[in-house]
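Report on the structure
Now for the letters of each chain:
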Amino acid sequence: MTAPEEEEERRKGIRDFVNARRNTNNTNNKTLCLIVVDVQNDFMLPSGALSVANAEEIIDDVNYLVDIMTAEKDLVIFTQDWHCPKHHSFASEHRGKKPFDVVEIDDDDDDDDEQNTTTKTTTTLWPDHCVQNTKGAEFHEKIRVPASAKVIRKGFRKRVDSYSAFVENDKRTETGLGEYIRGVNKGLELSSSSSSYSSNNNDNSNGDGAPTRIITDCIVVGVAFDYCVRFTAEDARELFDTVVVLEDLTRAVGLGDSREEARAAMEKKGVSIVATDI
Ligand SMILES: [Zn+2]
């Protein structure tokens, strides 16, 4: 197969995948949600501070997916890792530690606290990466971010990392994305059932058996499969009936068994992990 033929074959796989998501469970032409995770220089470029192997390979296909979903007015969201300088997840902030060490840290603001009264969290330390307003934090120059897309920044609080686009690693601080999506759904619900809408109606039905047009399906792509894609997809299950990670359009960091652990954890939460060719 020639290169153009291979590209068209891949694009057909992506189109077929989106169409299958759009027409499921006897509901046709559904509005979908797409979350594109952290397609930023520090993760994507081979020279990036936290380079994910072969991440640039996904760019053309991610652009194509974003284009066809934007054309259908799907809800398209881009996440952006956005750390303050000296972020607590950086190994450089922990004496004697190096990148990729797994350590226990506490949520307290006082580094010298000896009382150990605060909650301990096990976390991975990273090289300094995606520091706000630096080249490394910018989206890769070949990624097209439509003007209509929502960009959600995460990890900007100094003491707490945020792998998920929904809830930070302390498992309690929300990023605002969940509230944004609930607001979009509310608008869709009101506009689709304005004549029969009832505020007491919580069963996804507008009273005559037809489903309201809230967004029930979410597709997740980007980097890294085993960290931010994983936790974003897991938390997305709180908001969506169906969450699918399109594995061809992800790449993994691959620390120890992180890829296999991520796969098992996502499947346990009911996230589907699929390839475009099935
Ligand atoms: Zn980060």
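Residues numbered from 1 in each chain as written. Predicted model: local features only at pLDDT ≥ 70, side-chain atom pairs only at ≥ 80, totals over all residues.

As for the nonpolar core
- Residues Leu34, Ile35, Val220 and Ala224 are the most contacted members of the largest nonpolar core, which totals 58 residues.
- Among the elements that take part in this core, helix α5 (residues 225-236) stands out by supplying seven residues, more than any other.
- Those residues in contact with Ile35 that lie beyond four places of it in its chain are Ile77, Thr79, Ala165, Cys218, Val220, Thr232 and Ala236. (Core = buried A, V, L, I, M, F, W, Y, C linked by C-beta atoms within 7 Å. Buried ≥ 20, exposed ≤ 12 C-beta atoms within 10 Å, placed from the backbone. Helix = DSSP H or I, 4+ residues; strand = E, 2+ residues; numbered from the N terminus. Contact = placed C-beta atoms within 7 Å.)

Regarding the packing of α5 against helix α6 (residues 258-268)
- Here α5 crosses α6 at 5°, and the two axes come no closer than 9 Å. What the angle tells us is that α5 and α6 run roughly parallel. Contacts between α5 and α6 pair Phe225, Asp226, Arg230, Ala233 and Glu234 from the former with Ser258, Arg259, Ala262, Ala265 and Met266 from the latter.
- Per-class residue counts for the contact of α5 with α6 are five nonpolar, one polar and four charged. (Axes fitted to C-alpha atoms, helices over the stretch in contact; angles between N-to-C directions. Parallel < 35°, antiparallel > 145°, perpendicular 65-115°, else oblique. Nonpolar A, V, L, I, M, F, W, Y, C, P; charged D, E, K, R; others polar.)

Brief notes about the sheet that holds strand β6 (residues 217-223)
- Sheet architecture is open: six strands sit in the order β5-β2-β1-β6-β7-β8, paired in parallel fashion. Of all strands in the sheet, those bounded by a partner on one side alone are β5 (150-154) and β8 (272-274). Averaged over all adjacent pairs, the angle separating strand axes in this sheet is 25°, with direction ignored.
- The pairing of strand β1 (residues 33-37) with β6 spans five bridges and is parallel. Bridging across to β6, Cys33 finds its partner in Cys218. (Pairing = 2+ DSSP bridges.)

A short note on unusual backbone geometry
- Along the chain, Val223 connects to Ala224 via a cis peptide bond; the corresponding omega equals -10°.
- When you line up the elements, Ala224 lands in the loop between β6 and α5.
- Positive phi is not limited to glycine here, since Phe100 has a value of about 80°.
- Mapped onto the elements of the fold, Phe100 is located in the loop between β2 (75-81) and β3 (102-106).

Here's the deal with the packing of helix α1 (residues 3-22) against helix α3 (residues 59-71)
- Interaxial distance between α1 and α3 falls to 10 Å at its minimum, and their mutual angle equals 40°. Here α3 runs oblique to α1, going by the angle between their axes. The interaxial crossing formed by α1 with α3 has right-handed handedness. Every residue of α3 that contacts α1 at Arg10, Arg11, Ile14, Arg15 and Val18 is listed here: Asp61, Tyr64, Leu65, Ile68 and Met69.
- Residues of the contact of α1 with α3, tallied by class, amount to six nonpolar, no polar and four charged. (Left-handed = near helix turned anticlockwise from the far one by under 90°.)

Structural notes on the pairing of β6
- Counting buried residues in β6 gives seven out of seven residues, a clear majority hidden from the surface.
- Residues Asp217, Ile219, Val221 and Val223 point to one face of β6 and Cys218, Val220 and Gly222 to the other, with burial holding for every one of them.
- For β6 and strand β7 (residues 242-251), the ladder comprises six bridges, and the chain directions are parallel. Within β7, the residue paired with Asp217 across the bridge is Thr242.
- Assessed by its sense of winding, the connection that carries the chain from β6 through α5 to β7 is right-handed. (Right-handed = clockwise from strand over helix to strand, strands pointing away.)

As for α5
- Of all the twelve residues making up α5, twelve are buried; the element is thus mostly covered by neighbouring parts of the structure.
- Elements that come into contact with the buried residues of α5 comprise β1, β2, β6, β7 and α6.

A closer look at the environment of Ile59
- Looking at the secondary structure, you find Ile59 in helix α3.
- C-beta crowding within 10 Å serves as the criterion here: with 17 such atoms nearby, Ile59 is assigned to the partly exposed category.
- Between the C-alpha atoms of Ile59 and Gly222, which are 163 residues apart in sequence, the distance is 8.9 Å.
- Excluding residues that lie within four positions of it along the chain, Ile59 makes contacts with His140, Lys142 and Ile143.

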